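# Survey of secondary and tertiary structure
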Amino acid sequence: MKKNKKQQPIVIDMTSENNESMTITKFGSSLGVVKSKSGGVLSFEIQGVSERNEVMNQEYRNIYRNYMSESIGIQMGDYLVPMWGEGHNLYPQEVYNVISDNKLLPELLSKQVQFLFGKGPYLYKEEIVGEGKNQKKTRVPVKDPEIQAWLDSWEDSGYPSVWEYLINIITDYYHVLSCISQYHFNRSRRITAPGKNNSTGTLPVVALTYVGSEKARLGVLRSKVHPGQPIRNEDCEFILVGDWFNPGKRGFEVYPRLRIQNPFLYETAISWVKSKTFTKELYPYNEWFKGLFEWIKGSNLTPKYINSYLRNALNAHVHVVIPGSWYLKMKEILQDLCRQNMVGSSSMPLQAEFQGVKLIDPVTNEPYEYYEGMMDDLINHKLTEITTFLSGEGKNQGKLWATTKWGEDGWEFKEFPGKFKDYLESLISYDKRADQVILAGKGINSSISNVEADGLISKSGSDVFYNFMLYAIALTIPEHYVTKDLNRAIRMNFPRVKEQGIKLGLQIDVPAKQQETTPADRPANNINN
């Protein structure tokens, strides 16, 4: 079998417009180096149509690889686990690492969790109010002692409260659009009548617990997947829970996935409620994360660039002109000292050092002969002494550039002009733009996020009111996903709620305008109600 010959560079000799001869060496069709006879070197790259096409083709190959990684998956014993992430299986961890380094996103996501949770869960019915064209559907709160007693019993049964469960579920939803819940069933899984004092009796569902998206992955039995066949959502009948940073070192817990048609088949089961991502079959992906990824990274790097600049660049930049007469004088002194050490005398001990320059071997105690490097050591020692008097903070404190000046006496110090202001202003301008893009990409108005274009807190009450009202109207879909399993469990324990139309929702209060409320009804007087 013949080996492909390595493409040889093409060498072209030519003359420039100013009659200077030069040589161009091309590597392929787009890379090369230009060398002039005077010693100048210039490298170049030509990005043409073929290179742009190659970049586009690489993007398509990446898309194909990402879809294949999700469809093929990782072998874990008897199970096949589709990968959640592009080329890896750590999408929730990636989202957390990128978001947690950002100055805006952690608080923005926290606000979204707070807005959706509102005043907590409550039971309600939907009723039609008004007449004719003024009819509208509204929620009417209801009291159901049996359901409330069951919700209040979670902690007594050894599980986190329903509030803790919902807060964790909402947090996962806003990060990775997933709500993963474990159902804890009674062994008999039969319904008995509630006891006195609103006791829950023996209900099939004891409680729900939150399962972190960073630990859970879908799983399918390897025996049920044919080679080359993509994994479908309905094939994944199991949830594997474990540490995906070290999948080979630690064991995994395997749980059956909740079957809505036969929910009590197992003693416990895990439900994975998720928002559908376009073109993705198995796992959900944030709509905003990939589009804002580079902006988030850039925003995260801005303070690092500024701090690095303050440590390493914002110092005194001084050019030192060393007089040649001083140089010759110091050289003469060093030569005399080395000569005296070599001759030696019982009455005069050896001189071990002169202004930072070692004159004898520290191990053998033998004197050195003079060598030119001694002057380099002496100059470096002198410059080090000078830098201790220069202002600045950090490892590069007191930057110096030294040359030797002949024919004149006296050291001379010249400060380099620095464009500190231009550099810092460009970073700050980028940072402001990144904040604007992130807020726009998240779809959160500055009046709600409390961040305006210049990083100031929004003070307009009318802006806050109307934007929050519009934002609250759009919370129906998130509320549907985060309360879905809780409403399922209520129907399992209390089948009557289906006919009664009772559901559990989240109490999101939109405050009225200050001028439209009486003093007694204003927020300041109702903060604890």
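As the structure is a prediction and not an experimental result, all values here were calculated from the model. (Residues numbered from 1 in each chain as written. Predicted model: local features only at pLDDT ≥ 70, side-chain atom pairs only at ≥ 80, totals over all residues. Heavy atoms only, no water.)

## Describing the overall build of the protein
Quick reminder of the rule: Comment: elements are numbered from the N terminus, with helices defined as DSSP H or I runs of at least four residues and strands as E runs of at least two. Think of it in three bands: with a 1.4 Å probe and only protein chains considered, a residue is buried below 20% of the maximum accessible area for its type, exposed above 50%, and partly exposed in between. Should any heavy atoms of two residues lie within 4.5 Å, those residues are counted as being in contact. What sets the accessible areas is the Shrake-Rupley method with a 1.4 Å probe; for residues, cover comes only from the shown protein chains.
Helix and strand counts for the protein come out as 14 helices and 20 strands. Every one of the 529 residues in the protein was classed for burial, and the buried ones make up 38%. Considering only intrachain contacts with a sequence separation of at least 6, the fraction spanning at least 24 residues in the protein is 63%. In the structure as shown, the protein presents an accessible area of about 32,400 Å², 53% of it carried by carbon and sulfur atoms.

## Overview of a nonpolar patch on the surface
Spelled out, the test is: A residue counts toward a patch only above 30% relative accessible area and without a salt bridge, and it is joined to like-charged neighbours within 9 Å or, for Val, Leu, Ile, Met, Phe, Trp and Tyr, to nonpolar neighbours within 5 Å. Salt bridge, as used here: a side-chain nitrogen of Lys or Arg that lies within 4 Å of a carboxyl oxygen of Asp or Glu.
Taken together, Leu301, Tyr305 and Tyr423 make up a surface patch of nonpolar side chains, about 250 Å² in accessible area. Within the secondary structure, Leu301 sits in helix H6 (residues 289-312).

## Details of the sheet that holds strand S11 (residues 216-221)
What counts is decided by this rule: Two strands pair under a simple rule: DSSP has to find at least two bridges between them. Each axis is a line fitted through C-alpha atoms, and for a helix only the stretch in contact is used; angles between axes span 0 to 180 degrees, taken between their N-to-C directions.
Overall, antiparallel pairing links the five strands, which are arranged S5-S6-S11-S12-S13 in an open sheet. Each of the sheet's edge strands pairs with one partner strand only, and the pair in question is strand S5 (74-76) and strand S13 (253-256). When the angles between neighbouring strand axes are averaged without regard to direction, this sheet yields 40°. Pairing of strand S12 (residues 238-241) with S13, which is carried by four bridges, proceeds in the antiparallel orientation. Considered in S13, the bridge of Val241 is made with Glu253.

## Quick word on the environment of Ile169
Take Ile169: it is sitting in helix H5 (residues 162-176). Along the sequence, Ile169 and Thr209 sit 40 residues apart, while their C-alpha atoms lie 9.4 Å from each other. Residues in contact with Ile169, not counting those within four places in the same chain, are Ser178, Cys179, Ile180, Ser181, Tyr210 and Val482.

## Re the packing of aromatic side chains
Quick note on the threshold: Side-chain rings of Phe, Tyr and Trp, where Trp is taken by its six-membered ring, are said to pair if the distance between their centres is within 6.5 Å; with planes under 30 degrees apart they count as stacked, over 60 as edge-to-face, and otherwise as tilted.
Within this structure, the stated rule accounts for 22 aromatic pairs. Measuring from ring centre to ring centre gives 5.8 Å for Trp154 and Tyr165, while their planes differ by 70°; the resulting arrangement is edge-to-face. Note that Trp154 is positioned in the loop between helix H4 (145-152) and H5 and Tyr165 in helix H5, a separation of eleven residues in sequence. Tyr165 carries the same exposure label as Trp154, and that label is buried. Aromatic side chains Tyr173 and Tyr174 sit 5.6 Å apart centroid to centroid with 75° between the ring planes, which places their arrangement in the edge-to-face category.

## Thoughts on the nonpolar core
Heads up, the condition is: We call a set of buried residues a nonpolar core when its members are Ala, Val, Leu, Ile, Met, Phe, Trp, Tyr or Cys and they connect through side-chain atoms within 4.5 Å of each other.
Among the nonpolar cores identified, the biggest contains 82 residues, and Trp150, Trp154, Tyr174 and Leu486 are the most heavily contacted of them. Examining the composition of this core, we find that eight residues originate from one element, H5, more than from any other. Beyond its immediate sequence surroundings of up to four residues, Trp154 is in contact with Tyr159, Pro160, Ser161, Val162, Tyr165, Val206, Ala207, Leu208 and Leu486.

## Digging into the pattern of salt bridges
Pairing between side chains becomes possible if they bear opposite charge and their charged atoms approach one another. For the structure on display, the rule yields 15 salt bridges. In this structure, Glu237 and Lys224 form a salt bridge, with 3.4 Å as the shortest nitrogen-oxygen distance. Placement of Glu237 in the loop between S11 and S12 and of Lys224 in the loop between S11 and S12 is noted, with a sequence separation of 13 residues between them. Residue classification places Lys224 among the partly exposed residues on the basis of a relative accessible area of 47%. For Arg339, the salt bridge identified is with Asp336, shortest N-O distance 2.7 Å. Linking Arg339 with Asp336, this pair stays in helix H7 (residues 324-343), spanning three residues, or about one helical turn. A single network of salt bridges, built from pairs that share partners, joins Lys103, Asp431 and Asp435.

## Section: the side chain of Thr209
Filter applied, for reference: Pairs of N or O atoms within 3.5 Å make up the polar contacts considered here, provided that, within protein, one atom can donate a hydrogen while the other can accept it, and that residues adjacent in sequence are counted only when both atoms are side-chain atoms.
Along the chain, the position of Thr209 falls in strand S10 (residues 205-210). In terms of polar contacts, Thr209 uses its side chain to reach the side chain of His184, at 2.8 Å. When residues no more than four places from it in sequence are discounted, the contact partners of Thr209 are Tyr159, Pro160, Tyr165, Ile180, Ser181, Gln182 and His184.

## A few points about unusual backbone geometry
Residues other than glycine seldom take positive phi values, yet Gln355 does so here, at roughly 50°. With respect to the secondary-structure elements, Gln355 resides in the loop between strand S16 (353-354) and strand S17 (357-358). Judged by its relative accessible area of 30%, Gln355 is partly exposed.

## Let's talk about the side chain of Asn102
Relative to the helices and strands, Asn102 is located in the loop between helix H2 (91-100) and helix H3 (105-117). For Asn102, a relative accessible area of 3% gives the class buried. Here Leu105 takes part through its backbone nitrogen, which lies 3.1 Å from a polar atom of the side chain of Asn102. Of the polar contacts made by the side chain of Asn102, one reaches the side chain of Asn300; its length is 3.0 Å. For Asn102, the residues in contact, after removing those within four places along its chain, are Ile296, Ser299, Asn300 and Ile438.

## With respect to the confidence of the model for the protein
Just so we agree on the cut-off: Residue-level confidence of the predictor is what pLDDT reports, using numbers from 0 through 100.
When pLDDT is averaged along the protein, the result is 79; 71% of the residues meet or exceed 70. In this model residues 1-6 is a low-confidence stretch, pLDDT under 50, and it forms zero contacts with partners more than four residues away in sequence or in other chains. Here residues 192-200 is a poorly scored stretch, pLDDT under 50, and it has 14 contacts once near neighbours within four places are set aside; other chains count.

## Quick word on helix H8 (residues 373-387)
The condition is simple: By this rule the span expected of a helix is its residue count minus one, scaled by 1.5 Å.
With 15 residues, H8 should reach 21 Å at 1.5 Å per residue; the first-to-last C-alpha distance of 21 Å fits that figure. When H8 is considered as a whole, its buried residues turn out to be Met374, Met375, Leu378, Ile379, Leu383, Ile386 and Thr387.

## Overview of the packing of H7 against H8
As a reminder, the rule being used: Angle categories: roughly parallel below 35 degrees, roughly antiparallel above 145, roughly perpendicular from 65 to 115, and oblique for all the rest. Definitions for this section: a left-handed crossing has its near helix turned counterclockwise from the far helix by less than a right angle. A right-handed crossing has that turn clockwise. Polarity classes work like this: nonpolar for Ala, Val, Leu, Ile, Met, Phe, Trp, Tyr, Cys and Pro, charged for Asp, Glu, Lys and Arg, and polar for all others, with Gly in that last group.
As a packed pair, H7 and H8 sit with axes 10 Å apart at the nearest point and diverge in direction by 120°. When the interaxial angle is binned, H7 and H8 end up oblique. You can see that H7 and H8 cross each other, and the crossing is right-handed. In this structure, H7 contributes Trp326, Tyr327, Met330, Lys331, Leu334 and Cys338 to the contact, and H8 contributes Met374, Met375, Leu378, Ile379 and Lys382. Its residues assigned to classes, the contact of H7 with H8 shows nine nonpolar, no polar and two charged.

## Thoughts on a negative patch on the surface
Heads up, the rule is: Here the positive residues are Lys and Arg and the negative ones are Asp and Glu; neither His nor the chain ends is included. A single reference atom marks each charge: NZ on Lys, CZ on Arg, CG on Asp, CD on Glu.
A cluster of acidic residues, Asp152, Glu155, Asp156 and Glu164, forms a negative patch at the surface. Structurally, Glu155 can be placed in the loop between H4 and H5.

## Description of the sheet that holds S10
Within the open sheet, the three strands sit side by side as S10-S9-S14. Their pairing is antiparallel. The sheet is open, and its two borders are formed by S10 and strand S14 (268-274), each paired with just one other strand. Looking at each pair of strands side by side, their axes are set apart by 25° on average, direction ignored. Pairing analysis gives five bridges linking strand S9 (residues 178-185) to S10, with the strands arranged antiparallel. Of the residues in S10, the one forming a bridge with Tyr183 is Leu208. Contacts from helix H13 (residues 484-493) reach S9, S10 and S14, with the element oriented near 25° to S9.

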